[in-house]
Amino acid sequence: MTRFSPASARSARALRDGAWGSRLSFSPKVFLPVTRLCRNRCSYCSFRRDPTGLDQHTMSPAQVVEALDAAVMAGCTEALLCLGDTPETGLPGYRALLESWGYASTVGYLEAIAHMALERGLLPHTNAGILSEAQLRRLRACNVSMGLMLESTSERLCGPGGPHARARDKRPAVRLAMLETAGRLRIPMTTGLLVGMGETAAERQDTIEAIARLHARHGHIQEVIVQPFRAGAGTPMAGAPEPEDAVISEAISLARTTLPVEVSVQTPPNLGRLAPAWGAGINDLGGISPVTPDFINPGHPWPELVALADEAATLGARLEARLPVYARFVETPGWLDPALRPVVEAAAVQQRERWAWLGARGAA
Ligand code: SF4
């Protein structure tokens, strides 16, 4: 088994520096919590809401439009559509709500929201939990990339008392199967692992290796999130210990040295300290929103961008905006739906102009 050591971090940094240089990228995004209804009950979750007052937990079309327009004004290029798993299951009131807006299904609503985003020059990236192949095909046509956290390959964590004991969609086989299908469909995917929810170091390694095998088969993993567990108030794990910096750094370095260098390794800047993460080999910070909170970790606001750019510069890193789809998937035929290409190209131009000032604050 690979063991963490200063040498591991050095190797990870060398791989990062060789492939990504001093760039520390992030995606300016608007976070749309399309619905917070979910049939699972992960013990760490601060996002899910109980099925009462259904309309309060699902964004209306008017709320979506308002958020998208604010995102355009703030210079965002990504529209993150995020929701609980299979919200229609056992929630007839939710289905009736969608029908009252003219949508027959969650996927139909997601398609409509994606097109609202595209019309405004925003690039949709949907993380809707477990989807069938047919649903993935529909969303592929209107998303530049998609996401599904693997979280962990540990079956043990799905057992009694585990954080995934009441989350049937967190069974590793279910998530691996969907990531496999997404690869066959040539959908650029974001995935990752949750660090510190009770898994062992060996289980983290197994999770990263499983992602590496998926990517080896399909080449579709664009980024891997190393996401530290944070104990959310009011959740069953509110009192659980959070992972120390060393554990997070170990996972980052392991991801960087295990995955091919073209796969971006990211950790959210609102969930951990930047210096150790950069020192362990990250090259990316994921989405940061100037207009919406982090609905997944509501107790952890995103850092202010000027301060983040200045801190990055002290580490020898240069904060840089990026799109929610990586260049190789845009440039290589067969990945991006051709209808999305003009929107992506326009967003790239707009992003360069809007965020050029960051370059002046960064390291040389
Ligand atoms: S983490 Fe995701 S799947 Fe688990 S309960 Fe929360 S919304 Fe549902």
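Our structure is the block above this text.
Residues numbered from 1 in each chain as written. Predicted model: local features only at pLDDT ≥ 70, side-chain atom pairs only at ≥ 80, totals over all residues.

Novice: How would you summarise the site of the ligand if you had to cite specific residues and measurements?
Specialist: Around the ligand, the neighbouring residues are Cys 38, Asn 40, Arg 41, Cys 42, Cys 45, Phe 47, Arg 48, Gly 84, Asp 85, Gly 129, Ala 167 and Asp 169. Class assignment for the residues of the shell around the ligand results in five nonpolar, three polar and four charged. (Near = placed C-beta within 6 Å. Nonpolar A, V, L, I, M, F, W, Y, C, P; charged D, E, K, R; others polar.)

Novice: Could you give an account of the environment of Arg 120, with specific residues and numbers?
Specialist: Mapping Arg 120 onto the fold places it in the loop between helix H4 (106-119) and strand E3 (123-127). The class for Arg 120 is partly exposed, based on 15 C-beta atoms found within 10 Å. When the C-alpha positions of Arg 120 and Val 65 are compared, they lie 9.8 Å apart, and in sequence the two are 55 residues distant. The residues contacting Arg 120, other than those within four sequence positions of it, are Leu 68 and Val 72. (Helix = DSSP H or I, 4+ residues; strand = E, 2+ residues; numbered from the N terminus. Buried ≥ 20, exposed ≤ 12 C-beta atoms within 10 Å, placed from the backbone. Contact = placed C-beta atoms within 7 Å.)

Novice: Go over unusual backbone geometry, please, and point to the residues and values.
Specialist: Positioned with a positive phi, Thr 86 is a non-glycine residue whose angle comes to about 35 degrees. When you line up the elements, Thr 86 lands in the loop between strand E2 (78-83) and helix H3 (92-100). On the basis of neighbour count, Thr 86 is assigned to the partly exposed category, with 19 C-beta atoms found within 10 Å. The backbone of Arg 186 shows a phi angle near 60 degrees, a positive value even though the residue is not glycine. Structurally, Arg 186 can be placed in the loop between helix H6 (172-184) and strand E5 (189-195).

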